[in-house]
Amino acid sequence: MQADLDWRDGGIPVSTRFDDPYFSLVGGLAETRHVFLDGNDLPARFVPGFHIAELGFGTGLNLLAALLAWRSAGMDGPLRFTSFEAYPMTGDEMARALSAFPEVADVAAPIVEQWGSGARHITLPDLQAEIITGDAQQTLPAWQGMANAWFLDGFSPAKNPELWNGAMMAAVGAHTHVGGTFATYTAAGHVRRALTEAGFTVERRTGFGTKRHMTAGVRG
Ligand SMILES: C[S@@+](CC[C@H](N)C(=O)[O-])C[C@H]1O[C@@H](n2cnc3c(N)ncnc32)[C@H](O)[C@@H]1O
């Protein structure tokens, strides 16, 4: 199935299926960096072979922010990135969404090109990315990989509950190395409890912008 999009406020993609925007109306890239990079203590924890996994590939903005951080940190070898996505955008939709962020234009161009040509393994000299299409409720439990850090970026738990339920959070925990981490923008109590049950030591952190709190954690 494809993404169903509406474009609001000068170019913010909004999912009509979930009635939720793909990124914050204020700050997009800054929010990604605060929540997903700082929330996973990146780039400080980067080591060769580091593997990020993500629920919800969307526009690819989080991948681009991570790759920029990897490059700025001067890492050797490729960043490994696996993302799970049920309703992929087309290449044109991705390009339109990302045009809101001129600072990622250069890093985005070859990735959008590969994605637009139908590739779901995206390879650059410093990136090995795989986008696993289908409902993550099936594809994540079947995944053979293990992540060092998770970006939990479904639509809001109220609108996209299946991406945040106990079974999904348990699957996230089962696919995280000991000492690995997660970060998410939500501070919903049931998500925090499910992640605790999944084996993480969970911490509430300061959210981005007007959001008071977000959540991060370490796998014991
Ligand atoms: C907030 S957006 C992700 C934004 C994205 N990380 C970015 O950088 O643009 C949430 C994503 O979760 C996806 N999604 C929702 N339910 C899903 C499911 N059951 N399995 C996999 N992906 C799902 C949506 O299609 C959407 O792309």
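Heads up: these notes are all about the structure in this document. Please read all numbers here as calculations on a predicted model, not as lab measurements.

1. Brief notes about the layout of surface pockets
Line of reasoning, step 1. Roughly 790 Å³ of volume is contained in the largest pocket.
Line of reasoning, step 2. As for the largest pocket, its lining consists of 45 residues, of which Pro-21, Tyr-22, Asp-153, Gly-154 and Phe-155 are closest to the centre.
Line of reasoning, step 3. Elements with a minimum of two residues in the lining of the largest pocket: β3 (20-21), α1 (28-37), α2 (61-72), β5 (79-85) and α5 (136-142).
Line of reasoning, step 4. Ranked by the residues each element gives to the lining of the largest pocket, the list is headed by α1, at 5 residues.

2. Side note on the sheet that holds β3
Line of reasoning, step 1. The antiparallel open sheet is built from 3 strands, whose spatial order is β1-β2-β3. Edge positions in the sheet fall to β1 (5-8) and β3, since each of these pairs with one other strand and no more.
Line of reasoning, step 2. Bridge analysis of strand β2 (residues 12-15) against β3 gives 2 bridges, and the strand direction is antiparallel. Bridging across to β3, Val-14 finds its partner in Pro-21.

3. Some details on the sheet that holds strand β9 (residues 176-184)
Line of reasoning, step 1. The strand order β6-β7-β5-β4-β8-β9-β11-β10 describes an open sheet built from 8 strands, whose pairing is mixed. Each end of this open sheet is capped by a strand with a single partner; those strands are β6 (121-124) and β10 (200-206). Between one strand axis and the next, the sheet turns through 15° on average, direction left out of account.
Line of reasoning, step 2. Inspection of the sheet shows β6 paired to strand β7 (residues 127-133) by 4 bridges, in the antiparallel sense. Residue pairing in the sheet places His-121 in a bridge with Glu-130 of β7.

4. Here's the deal with the site of the ligand
Line of reasoning, step 1. Lining the immediate surroundings of the ligand are 22 residues, of which Gly-56, Thr-59, Glu-85, Asp-135 and Asp-153 lie closest.
Line of reasoning, step 2. Within the backbone of Asn-62, a nitrogen or oxygen atom sits 3.0 Å from an oxygen atom of the ligand.
Line of reasoning, step 3. Between the ligand and the protein, one listed contact pairs a nitrogen atom with a side-chain N or O atom of Asn-160 at 3.2 Å.
Line of reasoning, step 4. Look at the ligand: alone it shows 610 Å² of surface, and the protein chains cover 98% of it.

5. Digging into the packing of helix α3 (residues 91-98) against helix α4 (residues 105-116)
Line of reasoning, step 1. Direction vectors running N to C along α3 and α4 enclose 155°, while the axes themselves pass 8 Å from each other. When the axes of α3 and α4 are compared, the pair comes out roughly antiparallel. Of the two elements, α3 crosses α4, and the hand of that crossing is right-handed. Facing Gly-91, Met-94, Ala-95 and Leu-98 of α3, the residues of α4 in contact are Ala-108, Val-112, Trp-115 and Gly-116.
Line of reasoning, step 2. Looking at the contact of α3 with α4 residue by residue, the class counts come to 6 nonpolar, 2 polar and no charged.

6. Some thoughts on the packing of α1 against α2
Line of reasoning, step 1. Packing of α1 against α2 brings their axes to within 10 Å, and their N-to-C directions diverge by 70°. When the interaxial angle is binned, α1 and α2 end up roughly perpendicular. Listed contacts from α2 to Gly-28, Leu-29, Thr-32, Arg-33, Phe-36 and Leu-37 of α1 are Leu-61, Asn-62, Ala-65, Ala-66, Leu-68 and Ala-69.
Line of reasoning, step 2. Taken together, the residues that form the contact of α1 with α2 break down as 8 nonpolar, 3 polar and 1 charged.

7. So, the environment of Val-26
Line of reasoning, step 1. Along the polypeptide, Val-26 turns up in the loop between β3 and α1.
Line of reasoning, step 2. Note: C-alpha distance between Val-26 and Arg-193 (167 residues apart in sequence) is 28 Å.

Cut-offs and rules
- Residues numbered from 1 in each chain as written.
- Predicted model: local features only at pLDDT ≥ 70, side-chain atom pairs only at ≥ 80, totals over all residues.
- Heavy atoms only, no water.
- 1 Å grid on protein atoms, 1.4 Å probe; cavity = no way out; pocket = protein on both sides within 12 Å on 5 of 7 lines; lining within 4 Å.
- Points joined across faces, edges and corners; volume = space filled by probe spheres on them.
- Helix = DSSP H or I, 4+ residues; strand = E, 2+ residues; numbered from the N terminus.
- Pairing = 2+ DSSP bridges.
- Axes fitted to C-alpha atoms, helices over the stretch in contact; angles between N-to-C directions.
- Near = heavy atom within 4 Å.
- Polar contact = N/O pair within 3.5 Å; in protein donor to acceptor, adjacent residues only side chain to side chain.
- Areas by Shrake-Rupley, 256 points an atom, 1.4 Å probe, with all protein chains shown as cover.
- Parallel < 35°, antiparallel > 145°, perpendicular 65-115°, else oblique.
- Left-handed = near helix turned anticlockwise from the far one by under 90°.
- Contact = heavy atoms within 4.5 Å.
- Nonpolar A, V, L, I, M, F, W, Y, C, P; charged D, E, K, R; others polar.

So, to be careful, I would describe these as geometric facts and stop short of saying anything about function.
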